[in-house]
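# Geometric and topological summary
Here is how the chains run, residue by residue.
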Amino acid sequence: MALTDEQRQAIREEEQFRLQLREELANSLPRAAPGPLERLAAFFDTKAGFWLLTTVLASVTATGFGTLQRYLDRNEIREREVAEATRRDTETLLKLGPMLTSDNRSQVDMAIVLLDGLTARKGVDDVVAGQVRRLFQATLTAGLKSDASDPEKTQAQAIIAFADSARTAAIQRPGAAASEPAATQASVSAAVDQLTLPVRVYLQIGSDDDRPRATAALEALRQAGLIAPGVERVPPSSAPRSNELRYCGDKVDPAALQRVREAVAAAVSPPPAEKVLQPSQCGKVRANHFEVWYARAAP
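End to end, helix α5 (residues 126–143) covers 26 Å across 18 residues, agreeing with the expected 26 Å (1.5 Å per residue, within 8%). For α5, the full list of buried residues reads Val128, Ala129, Gly130, Val132, Phe136, Thr139, Leu140 and Gly143.

Rendered as structure tokens:
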């Protein structure tokens, strides 16, 4: 049986009343405080919040894009850096290499210091450092041949003298600790270590008054076929009371020792007494290294 209009109106009014009642009951209950997310959402609905949000998003996007771009380009950048470093190192080697084989001793010394300093402090890459070591070895090999020319001998002696200079501290200062650091000489040391070193005799004086006779002895030792790089000045307090021939017992060849004994006895007056250094003083000393120490001047 169909509802009449009056019945439909009554049902509609009843439903409207129920809806109104539910809304009134909901509004009458206490509401919980908004949570952090609700407050954050409400803030971003404001003009200031929207501006901040867009600014942060723009910054993050730009930074992320830049990082991605650098990541994608890293191989290309690295290749350019390696190429530039190789070009620079090659130019350096081409400029200093001829100085090493110069007839001018001062240029040879300068080239040794610069080339060795660059390799010791990683100023050139490993490939160029290897080329420097081979250059030193080739120069040494040529200068130590029996038929070497005078310039070749000078170049080889300069390299050996530089390599020895980091090791003479233990002999020049007998009281120095064995652990005292010495100068780093990477390429020169590596090149010299590959060869059997000839005998070298260094002369030490504590006073410039001894230089004339030390220079004369130097020439006599060279005439005897020994390498005598030069005369070195040491503090007067380090000079011994009488002339001495110093060496490390386990680092000299017996035949070389006898040869030096005879040559030094003939060149130095009065003949020096032999002094075998303690092992603690020989850690940085190379093989076949001898030193003649002149006695201190009488007070």
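Let's shift gears to the packing of aromatic side chains. With the rule as written, the count across this model stands at one aromatic pair. Measuring from centroid to centroid gives 5.6 Å for tyrosine 247 and phenylalanine 290, while their planes differ by 50 degrees, and the two rings are tilted. You can see tyrosine 247 sitting in strand β3 (residues 244–247) and its partner phenylalanine 290 sitting in strand β5 (residues 289–293), a full 43 residues away along the chain. Residue classification places tyrosine 247 among the buried positions, given a relative accessible area of 5%. Just above the ring of tryptophan 293 sits the side chain of arginine 246; from NZ or CZ to the centre is 4.1 Å.

What follows deals with the state of the cysteines. What makes a disulfide is a covalent bond joining the sulfur atoms belonging to two cysteines. In the structure shown here, the tally under the stated rule is one disulfide. Sulfur-sulfur distance for the disulfide between cysteine 248 and cysteine 282 comes to 2.1 Å. Negative torsions about the S-S bond denote left-handed disulfides, and the value of about -100 degrees found for cysteine 248 with cysteine 282 makes this one left-handed. Highlighted residues: cysteine 248 in the loop between β3 and α10 (254–267) and cysteine 282 in the loop between β4 (273–276) and β5, separated in sequence by 34 residues. No difference in accessibility class separates cysteine 248 from cysteine 282, as the two residues are buried.

Applying the stated criterion across every chain, the model contains nine salt bridges. Notably, a salt bridge pairs glutamate 274 with arginine 261, separated by 2.4 Å at the nearest N-O pair. With glutamate 274 in strand β4 and arginine 261 in helix α10, the pair connects residues that are 13 residues apart, well separated along the chain. Given a relative accessible area of 38%, glutamate 274 falls into the partly exposed group. Each member of the salt-bridge network shares a partner with another, and the members are Glu14, Glu15 and Arg18.

Further remarks concern the packing of helix α9 (residues 211–223) against α10. Orientation of α9 relative to α10, taken along the N-to-C sense of each, is 140 degrees, at an axis distance of 9 Å. Overall, the two elements α9 and α10 adopt an arrangement that is oblique. Where α9 crosses over α10, the two elements pack in a sense that is right-handed. Packed against α9, whose contacting residues are Ala217, Ala220 and Leu221, the element α10 presents Ala263, Val264 and Ala267 at the interface.

That bond from serine 269 to proline 270 is cis: its omega, -10 degrees, falls within 30 degrees of zero. Take proline 270: it is sitting in the loop between α10 and β4. Its identity as a non-glycine residue notwithstanding, asparagine 288 has a phi of 55 degrees, on the positive side.

Further remarks concern the environment of lysine 145. In this fold, lysine 145 is placed in the loop between α5 and α6 (150–165). Each C-alpha atom of the pair lysine 145 and alanine 156 lies 10.0 Å from the other, and the pair is 11 residues apart in sequence.

On the surface, Trp51, Leu52, Val56 and Val60 cluster together into a nonpolar patch covering about 410 Å² of accessible area. Structurally, tryptophan 51 is set in helix α3 (residues 47–100).

On to the sheet that holds β4, then. An order of β2-β1-β5-β3-β4 is seen for the five strands of this open sheet, with the pairing classed as mixed. Strands at the two margins of the open sheet, each flanked by one partner only, are β2 (231–233) and β4. The mean angle between the axes of side-by-side strands here comes to 30 degrees, regardless of whether they run parallel or antiparallel. Here strand β1 (residues 200–205) pairs with β5 via five bridges, running parallel. If you follow glutamine 204 over to β5, its bridge partner there is tryptophan 293. Relative to β1, α9 is tilted by about 175 degrees, and along the sheet it contacts β1 and β2.

Once that is clear, we can look at the nonpolar core. With 24 residues, the main nonpolar core has Val201, Leu203, Leu221, Val260, Phe290, Val292 and Tyr294 as its most contacted residues. Sorting elements by how many residues they give to this core places α10 first, with six residues. Those residues within four positions of phenylalanine 290 in sequence are excluded, and the remaining contacts are Val199, Arg200, Val201, Tyr202, Leu245, Arg246, Tyr247, Val252, Ala256, Leu257 and Val260. Residues Leu96, Val108, Ala111 and Ile112 belong to the second largest nonpolar core, which totals 15 residues.

Calculation notes
Residues numbered from 1 in each chain as written. Predicted model: local features only at pLDDT ≥ 70, side-chain atom pairs only at ≥ 80, totals over all residues. Heavy atoms only, no water. Helix = DSSP H or I, 4+ residues; strand = E, 2+ residues; numbered from the N terminus. Expected span 1.5 Å × (residues − 1). Buried < 20%, exposed > 50% of the residue type's maximum accessible area, 1.4 Å probe, protein only. Phe/Tyr/Trp six-rings, centres within 6.5 Å; stacked < 30°, edge-to-face > 60°. Lys NZ or Arg CZ within 6 Å of the ring centre and 35° of its normal. Disulfide = S-S within 2.5 Å. Salt bridge = Lys/Arg side-chain N within 4 Å of Asp/Glu carboxyl O. Axes fitted to C-alpha atoms, helices over the stretch in contact; angles between N-to-C directions. Parallel < 35°, antiparallel > 145°, perpendicular 65-115°, else oblique. Left-handed = near helix turned anticlockwise from the far one by under 90°. Contact = heavy atoms within 4.5 Å. Patch = residues over 30% accessible without salt bridge, like charges linked within 9 Å, V, L, I, M, F, W, Y side chains within 5 Å. Areas by Shrake-Rupley, 256 points an atom, 1.4 Å probe, with all protein chains shown as cover. Pairing = 2+ DSSP bridges. Core = buried A, V, L, I, M, F, W, Y, C linked by side-chain atoms within 4.5 Å.

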